[in-house]
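Architecture and fold: a report
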Amino acid sequence: MLAARGLRKRFGPVLALDSVDLEIRPGEVLGLMGENGAGKSTLIKCLTGLHRPDAGTIERDGRPITLRSPRDAEALGVSTVHQEVHLIPHATVAENICLGREPRRNWLLGGSIRWRRVRERANAALARLGLALDVRREVSTLPLAIRQLVAIARALDIEARTLILDEPTSSLDRDEVERLFSTLRRLRGEGLGIVVVTHFLDQVYAIADRIAVLRDGRLVGAALAASLPRAELVAMMVGRAIAPAAARASSEAERPRAAALSARGLRRRGALDGVDLDVAAGEAVGLAGLLGSGRSETLRALFGADPIDEGAIEVSGRRHSIRSPGAAMRLGLAFLSEDRRGDGILPSLSVRDNLITALQAQRGILRRVGRREAAALADRLIASLRIKAPSASTPIARLSGGNQQKVLLARWLATDPRVLLLDEPTRGIDIGAKADVLALVASLREKGLAVVFVSSELEELAAACGRVVVLRDRRSVAQLRGADVDPSAMLAAVAAAPEGGARD
Amino acid sequence: MKLRPRDLPLLVAAIVLVTAFAAGALRYDHFASVAVVRNLLVDNAFLGVAAVGATFVILSGGIDLSVGAVMAFTGVVVAALVERGGVHPGIAIAIALALGAAFGLLQGAIIRGFALPAFLVTLAGMFLARGMAFAVEPQSRPIRHPFVATTLNESATIALPLGETSTTIPLTVSIGAVTFVVAWFVLRQTPFGRRVYAIGDDLQGATVLGLPVAATTIAVYAISGFLSALAGVVFVLYQQAGDPTACKGLELDAIAAVVIGGTLLRGGVGSVVGTLIGVLIYGLIQTIITFEGTLSSWWTRIVVGALILAFVAAQRGLERVGRRLADA
């Protein structure tokens, strides 16, 4: 048995782990759940020697152990498959399985690798997973799901007693997930203790015997999966109780008046698995769901940032295949990404230059936004959005987060869009700025814009949206409207079991 | 054996080599002769040794710009120790090799320890080593010690009895050959060699898989430093002099040979066999241009430039094909 006792880890001002106790028992699959930033990754990294905890101990069979590197952890039988499939792409399957622990000849022969032994060991590890594969193939030529299994085979090649899988299903499709799970069940039968980190509710109930939930670096609870209702699990994850009376999700699909944007059956491998969405002019529709449920992915697909594999998108009643953000912009779509720093601001440019970039992109480089036009536009937007900046020529990096966000919103408003796609527009900005952004969204909606609003704060969705589409495991599973749009009902819909008929 | 997409660049390079040699043999009399091949090997032995070092570094995802400068530094150190200090050439060579390895080790430790780009650190190393070479010997100094002139350059040769065209293989070529064989063994057959590939292929992955990334990186630069010094020694035997201005920009010739040999500049893919072919192609182009007689030797560079472009473009195309195969 592997156990964490009172683990604590601090990164600067952030307490990533706070007195976490966790037991990983042999012959059991433990589902580790938690929202973004709950501390799952930190916990895993402590257990695998990539981080050293500031306080607390890790015990193997009751004896405290010290892990300085992934090697130490492996030596003690703790194997990890990390979230991004970390294999060496241009090395063969056999090599990847044995890398770092190759069988060697003695020093007289230069300590050379016994390649035949390497292949035999790789074959043995793969056979344990029921996988027949040419071990001489290069890993980069294999599909992701197979690479995932190869990574597990690598983890098993040592005498692993504990197997930790960090979000192993995030890039797999349905069949591949089932295949992985049957492998895990087989290993559980062999007596391995297995930890699966995931944020897919259906999947955790499909595989886990016990579920542990982290929130804000603390262990909020651990319980047998069979005795933990979904609603309670979700409540533990988001830190709020669900009022039982409100636990009813209406799912009648009444078509709204003339949709400005309408999507049917959006699918994208590893991201979306059937999302329907309509939003009319003058309407704000919220997207609710847990982390990884497909909220951001839906917006990115609508905006053409990630191509869809299947599905139809209609803008103002006409079908379009949106293949690029440029195409989306020409159709009057605007997308505010959740990654303000990475996808949004141009930090060293002025507020004014940041404001005009989208408009300039829409016009193309031949029709320059003139100096006078830019100045007038900037002044108008700064005033109407109440952006607090010393002047329009101040570098945007000097503004507060809330004001940067307003600039980004204003940037899109300059292009005169018909549909606004907002991904977590209030994340990381102060309360006053939040209220401003929400008020702004309301006024834009009243002016006739169609708004799709993604937020993990359910109150915000309830306040800003007349209708909410609930996503679970990358599908749209329910729609709430009118009085049903309240946080408890949204949570109930997020937690509902798939058999409950909540699917559209 | 099944042909893998990553082996294609190597195959293409081999075809280019054979075709170029055949073309030369058809066009010029006496081209396909033992003497021509021997000269090709003798004239490029030092480049070959340096290119092996560059192969290690490039496979690991790095770059070493200090090669030529370290070669020149090694040369003048040997010359100064032998001719001014009265040190036996054998000992002088050993000292020079140790200095080269230490220099590379230091560069590797700085790159890894301070997480600095290899380009910058080895650029600084290039200036440093070149400057030190001039500090030791402001001008070229011939080495007249009999151990170098006679023992190493005349006695330590291997006779090849090929009937009428029998010839001798000088020590410099033997050193080059041994370097290639040892490097092939280390890269292909030892865990250390596989780690060099792994960190060049996916550094983050190698870290998470628990490989000793820091030690491997530092060792790679130490190897490059050592092989630069060894290339410098080969150059000294070839020229019988230590010259602080020697081998300017040779690191770029070495990198060119590595790239022509099918090794990806971003690391993780390639082989020392490819590098050997790359060096031979490089030398062959020079030989052909010499035979042509009317062309200036700068034409070598023009052809090499064109070849690198063609190879890099072809590699990118092959990568795309490979990725499509993976997705299918």
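These figures come from a predicted structure and were not determined experimentally.

Conventions used here
- Residues numbered from 1 in each chain as written.
- Chains lettered and ligands numbered in written order.
- Predicted model: local features only at pLDDT ≥ 70, side-chain atom pairs only at ≥ 80, totals over all residues.
- Heavy atoms only, no water.
- Phe/Tyr/Trp six-rings, centres within 6.5 Å; stacked < 30°, edge-to-face > 60°.
- Helix = DSSP H or I, 4+ residues; strand = E, 2+ residues; numbered from the N terminus.
- Buried < 20%, exposed > 50% of the residue type's maximum accessible area, 1.4 Å probe, protein only.
- Contact = heavy atoms within 4.5 Å.
- Salt bridge = Lys/Arg side-chain N within 4 Å of Asp/Glu carboxyl O.
- pLDDT = per-residue confidence, 0-100.
- Pairing = 2+ DSSP bridges.
- Axes fitted to C-alpha atoms, helices over the stretch in contact; angles between N-to-C directions.

**Concerning the packing of aromatic side chains**
Residues and elements named next belong to chain B. Applying the stated criterion across every chain yields a total of 9 aromatic pairs over all chains. Between Phe31 and Phe291, the aromatic rings sit 5.0 Å apart at their centres with planes inclined by 70°, giving edge-to-face as the arrangement. Of this pair, Phe31 sits in the loop between α1 (8–27) and α2 (34–59) while Phe291 sits in helix α12 (residues 272–292), and the two are 260 residues apart along the sequence. Ring centres 4.8 Å apart and planes at 80° place the aromatic pair Phe46 and Phe235 in the edge-to-face group.

**A short note on the environment of Ala241 of chain B**
All names here are of chain B. Here Ala241 shows up in strand β4 (residues 241–242). On the basis of relative accessibility, which here comes to 14%, the residue Ala241 falls in the buried class. Expressed as a C-alpha distance, the spacing of Ala241 and Pro191, which sit 50 residues apart in the sequence, is 39 Å. If we skip the residues at most four places from it in the chain, Ala241 touches Ser140, Arg141, Pro142, Ile143 and Val236.

**Let's talk about the pattern of salt bridges**
Residues and elements named next belong to chain A. One pass over the full model with this rule turns up 34 salt bridges over all chains. Linking Arg25 and Glu23 is a salt bridge whose minimum nitrogen-to-oxygen distance equals 3.5 Å. Relative accessible area serves as the criterion here: at 32%, Arg25 is assigned to the partly exposed category. Given the relative accessible area of 23%, Glu23 is considered partly exposed.

**Description of the confidence of the model for chain B**
Across chain B, the average pLDDT comes to 90, with 96% of residues at 70 or higher. Overall fold confidence for the complex sits at a pTM of 0.76, while the interface term, ipTM, reaches 0.86.

**Some details on the sheet that holds strand β4 (residues 55–60) of chain A**
Residues and elements named next belong to chain A. Reading across the sheet, the 4 strands line up as β2-β1-β4-β5 and stay open at both edges, with antiparallel pairing between neighbours. Both edges of this open sheet fall to β2 (14–24) and β5 (63–65), since each of them pairs with a single strand only. Strand-to-strand twist of the sheet, defined as the mean angle between neighbouring strand axes without regard to direction, takes the value 30°. Across 7 bridges, the pairing between strand β1 (residues 2–11) and β2 is antiparallel. Considered in β2, the bridge of Phe11 is made with Val14. Sheet strands touched by helix α1 (residues 40–47): β1, β2 and β4. Its angle to β2, the strand with the most contacts, is close to 60°.

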